[in-house]
Amino acid sequence: MRCSLAIASLLILVSSLFTCISAESKNESIIIDPLNYWKRCSLEGGEWSICLQPTGYGLSWYCPLDESEHALEKLGNISWYGIQTDFHPCFKCPTEDSPLGSDCLSTMTTLVEQYNITPTTNEYEDIFEVGIEYCAEMCEAGLSGDGCSDENKCTGGSHFCDYSGDDELTGVCKMCPADVGECFNGGFSSSDRSLKECYKCRLACYDVAVSSLSVDGEELTSEPIYSATQESTLSASGPLVDCSDIILADVDICPDAEGSVCLVEDYTFDTLFFDISDKAEKSGCVAMIKFDLSSFIGGSHHSYDHLTIPFVSVGTNDGNHLKNNKIGSTAHVGSEIWGSACYPSFDTIACNDKIPCQDADTYCDYSSVVQNGVYVEGECVECPKGEGGEPDPLGCYFERREASFIKTQEEVESCAKSCGAYLTYDECKFCPNDISAFEFGVENKADQCHFCPQNDVLHPDRFVPLFGKNITCRSMQAFFERLEVPKDSENCQLAQSFNYICGCQGPGYAGASTQAKKNALVWVPRVTAMLSVMGSLFVLIDVLRERSRRSKPFFQLMAQMSFFDIIGSVAYAFTSLPIPSNFYFPGAHGNKASCTSQGFFIQVGTVACFTNVSLAVYYFLMIKKGWSQTRLKKVILWLLICPVIVGMTFAFAGIPFMGNLVLWCNNSAPWWPDIPVAIAIFVATFIMGSVFWDVYKKDQASKRWRQRGDSGSGNSISTKVFWQSVWYLMSFYATWPPYLALQYFWASGKAYDTYYFILFAGALVPLQGVWNWFVYARNRQLQGLRTAMSSYISSRLLTGTSFRSANRSSTNRSSNNQSDQP
């Protein structure tokens, strides 16, 4: 709570003190380092002041560059992010002669009465109590050798409490080192607890600064960029040029920027400011003006890296005004730093690579200190949680705000490691199973992944349905620009396969990089599915139109297989139409309900796959076991019911998991939905292999009998049935192994951009009805040909009425027997 109060107070103080020092008190420009602000007043003889914002936003310690008496006298109407705010004078540590009081209690009492402050005005803390606490830690706390504890603190910024052990309740005040890095030297601190206290010597400080901006004499409201090592006074003039491409196109040099004031639009909201300034300085810019899409002026933190040119930010409206109307006009930019505002770390726990966060469910946010372009320090914060308090792993990677601000690489790595952040998407078969497996770090920037390699984000506000909800194209682009993900990693390639949603050039949806390829993914499976419907419909009608066929096990199995193949093929024929429209794929106009419906009926269609197993069992019993049709009729009910039970069970079980599977919607859960199909393929193969081996042995035995002069011709009917079974098995293999391969490649994250494989497999998957019709029609044609040839030969060789009558009778029996065969 106190940390929130302190941060809020700093924001007010940083802006409010712009006018607190008269123009006559300005120092000559000197290089100042915000990391060491605290030293001036803590260790180098400066004098702290305590500043109060009477409207209830808190207070802070202030260390001015100018130590003259009038440095704190002037506080009037000031602009804070364009809003007028009243601020009132600060006070120094009270003494016996202080006009406000001789101690912190009397001083705060006088201030509350003098400025009519309601003690509970602030919604976070009682400002009166916090004011006394701030004052006491700076002005009345212990010095070297004094006793200390959690209640009795040492003087902030200059002393810390050295505990002899981590469990000790009391310690001794010790002088802070000039370099906080000495805290980590062996023996300087007596315990790990003391080490953390020592690290708090370096207070959190920010610039108290003011900026100015005019273009062709038109004064505009601006804010300086804080927290950069820079000269206390910077100013420059030059023609205004648009250098937004250093962000939009990620170029390192802005052309024609030499000697100019560079204007940059930060469409990502969250670009690292030292990256912008480094590119501007390399381009020869003499000053920088930044604006973004937010509705207020972003007086944001640069970093603790060196800044050599004045850098200011303006609001969206002013930024667009400059971009649209003032390019080429003369701009003057200036910034001045008056001092630093600091706050004590009452509750904030600083952390770095040497002091990790110790509490459970916390991580180091690495957002406080940047050196040489790398975040090296932060605060311990709670692991991300959702609105209901449940863990939110996605929060380690993106902040759950409308703009989805991206986090730093150091924070992402810390959060993922400390909070065990990983994302498993049950509704996305081809999404990354473990997002914490992101590999960070590249030796060469050319090897870094870019979500949109050409930086051509045409639709920054569209949502990318890949790494979770509410992640925009803008956020995805910023994520991969900020974090060093290798371009050859699977996660990079997967993300780029979705960049078509943002209008970017790239591999495209499922590797379809052109409109023609996208249309092929829609229409090729649609055409093959409709052909399958026609083939299965032909078989079904042919079986049902004759009562003799309807009563036979083989034709009953073929009718069931064709019926369920029609259901699955019709669902396949819709291809992308039921896919949710937020995938922005050609023909995708569906929603969650339509996607679930298509996936359900595709799964119902897998009953045809399992009926193939029953057909294999039928052939096994007929060929190897020699069962008659009468005996087969006794088990046909089980051969029909079992595939339906298995298929419908998995269809209903998969309803919660139905989602986009590139070509259509289907069960998108990884691995388990495909196991029944894999088992069916294995069982059918094993059964037919057994039949094949049996026929092979009989054929070898038949050859031996013929070699001995036996006139037997062998079981010709069994041989014909066997070859018919082989043909049906081939149609089975032409359909379901490609289906299984496609499913498993997606589940393994390997096939999301292999366009021709996806197109090939997608064309074969719906085709079982075509293959079944081909085999079915082939057998009918062969039977008809054999019957016609038999009739023709008989009519030529046999004469006489009795002979002809006998022939017709024999022919009719042969035809009926043929039609009864499977």
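Before any of the text, the structure's been laid out above.
The structure contained in this document is the topic of the report that follows. (Residues numbered from 1 in each chain as written. Predicted model: local features only at pLDDT ≥ 70, side-chain atom pairs only at ≥ 80, totals over all residues. Heavy atoms only, no water.)

1. Structural notes on the state of the cysteines
Part 1 of the reasoning: Within the structure shown, the criterion is met by 17 disulfides.
Part 2 of the reasoning: Shown here is the disulfide that connects Cys-262 with Cys-285, its sulfur atoms set 1.7 Å apart. Handedness here is read from the sign of the S-S torsion; for Cys-262 and Cys-285, about -80°, the answer is left-handed. You can see Cys-262 sitting in strand 15 (residues 261–266) and its partner Cys-285 sitting in the loop between helix 7 (273–283) and strand 16 (287–292), a full 23 residues away along the chain.
Part 3 of the reasoning: Residue classification places Cys-262 among the buried positions, given a relative accessible area of 0%.
Part 4 of the reasoning: At a sulfur-sulfur separation of 2.0 Å, the disulfide partner of Cys-383 is Cys-419. Here the S-S torsion is close to -90°, and the disulfide linking Cys-383 with Cys-419 is therefore left-handed. With a gap of 36 residues between them, Cys-383 in the loop between strand 22 (374–382) and helix 9 (409–418) and Cys-419 in the loop between helix 9 and helix 10 (473–482) connect regions that are remote in the sequence.
Part 5 of the reasoning: Residue class for Cys-419 comes out partly exposed when judged on its relative accessible area of 23%. (Disulfide = S-S within 2.5 Å. Helix = DSSP H or I, 4+ residues; strand = E, 2+ residues; numbered from the N terminus. Buried < 20%, exposed > 50% of the residue type's maximum accessible area, 1.4 Å probe, protein only.)

2. Comments concerning the pairing of strand 14 (residues 233–242)
Part 1 of the reasoning: Bridge count for strand 14 against strand 18 (residues 330–343) is 7 bridges, and the pairing is antiparallel. When the sheet's bridge partners are listed, Leu-234 is paired in strand 18 with Ser-335.
Part 2 of the reasoning: With 3 bridges joining them, strand 14 and strand 15 adopt parallel strand pairing. What sits directly across from Asp-242, in strand 15, is Leu-263. (Pairing = 2+ DSSP bridges.)

3. Side note on the sheet that holds strand 9 (residues 171–175)
Part 1 of the reasoning: Here 3 strands make up an open sheet; going across it, the order is 7-9-8 and the pairing antiparallel. A strand with exactly one partner marks an edge of an open sheet, and here the two such strands are strand 7 (147–148) and strand 8 (159–162).
Part 2 of the reasoning: In this sheet, strand 9 lies alongside strand 8 in antiparallel orientation, the contact comprising 4 bridges. Looking at strand 9, one finds that Cys-161 is bridged to Cys-173.

4. Overview of a negative patch on the surface
Part 1 of the reasoning: Judged by side-chain charge, Glu-96, Asp-97, Asp-103 and Glu-140 come together as a negatively charged surface patch.
Part 2 of the reasoning: Residue placement: Glu-96 occurs in the loop between strand 6 (91–92) and helix 3 (104–114).
Part 3 of the reasoning: We classify Glu-96 as exposed; its relative accessible area is 71%. (Patch = residues over 30% accessible without salt bridge, like charges linked within 9 Å, V, L, I, M, F, W, Y side chains within 5 Å. Areas by Shrake-Rupley, 256 points an atom, 1.4 Å probe, with all protein chains shown as cover. Salt bridge = Lys/Arg side-chain N within 4 Å of Asp/Glu carboxyl O. Lys, Arg positive; Asp, Glu negative; His and termini not counted. Charge placed at Lys NZ, Arg CZ, Asp CG, Glu CD.)

5. Some details on the environment of Pro-486
Part 1 of the reasoning: Within the fold, Pro-486 resides in the loop between helix 10 and helix 11 (490–496).
Part 2 of the reasoning: By relative accessible area, which is 12% here, Pro-486 ends up buried.
Part 3 of the reasoning: Taking the C-alpha atoms as reference points, Pro-486 and Phe-440, separated by 46 residues in sequence, lie 7.0 Å from one another.

6. Some details on the nonpolar core
Part 1 of the reasoning: Of all hydrophobic cores here, the largest spans 103 residues; its most connected members are Leu-521, Leu-615 and Tyr-618.
Part 2 of the reasoning: In terms of residues, this core owes the most to one element, helix 16 (residues 607–624), which gives 13 residues.
Part 3 of the reasoning: Contacts of Leu-521, omitting those with residues within four sequence positions, involve Tyr-509, Ala-510, Ala-512, Phe-585, Leu-663, Tyr-755, Ile-758 and Leu-759.
Part 4 of the reasoning: Grouped together as the second largest cluster of nonpolar side chains are 37 residues, Ile-50, Trp-61, Leu-111 and Ile-337 included. (Core = buried A, V, L, I, M, F, W, Y, C linked by side-chain atoms within 4.5 Å. Contact = heavy atoms within 4.5 Å.)

7. Side note on the packing of aromatic side chains
Part 1 of the reasoning: Scanning the entire structure with this criterion turns up 20 aromatic pairs.
Part 2 of the reasoning: Summarising the aromatic geometry, the rings of Trp-61 and Tyr-134 are spaced 6.2 Å apart at their centres and angled 70° between planes, so their arrangement reads as edge-to-face. You can see Trp-61 sitting in strand 3 (residues 58–64) and its partner Tyr-134 sitting in helix 4 (residues 127–139), a full 73 residues away along the chain. As far as the burial class goes, Trp-61 and Tyr-134 line up, both buried.
Part 3 of the reasoning: Relative to Tyr-756, the ring of Tyr-755 lies with its centre 5.0 Å away and its plane at 80°, an arrangement referred to as edge-to-face.
Part 4 of the reasoning: Grouping aromatic residues by their ring pairs yields a cluster made of Phe-554, Phe-555, Tyr-618, Tyr-619 and Tyr-776.
Part 5 of the reasoning: The aromatic ring of Trp-627 is capped on one face by Arg-631, whose charged end is 4.0 Å from the ring centroid. (Phe/Tyr/Trp six-rings, centres within 6.5 Å; stacked < 30°, edge-to-face > 60°. Lys NZ or Arg CZ within 6 Å of the ring centre and 35° of its normal.)

8. A short note on the pairing of strand 22
Part 1 of the reasoning: Of the pairings in the sheet, the one linking strand 19 (residues 350–351) to strand 22 comprises 2 bridges and is antiparallel in character. Bridge pairing in strand 22 places Ala-350 opposite Glu-379.
Part 2 of the reasoning: Judged from the 3 bridges that link them, strand 20 (residues 362–364) and strand 22 form a sheet pairing that is antiparallel. Across the sheet, the residue bridging to Cys-364 is Cys-380, located in strand 22.
Part 3 of the reasoning: The pairing of strand 21 (residues 369–371) with strand 22 spans 3 bridges and is antiparallel. Bridged to Val-370 within strand 22 is Tyr-375.

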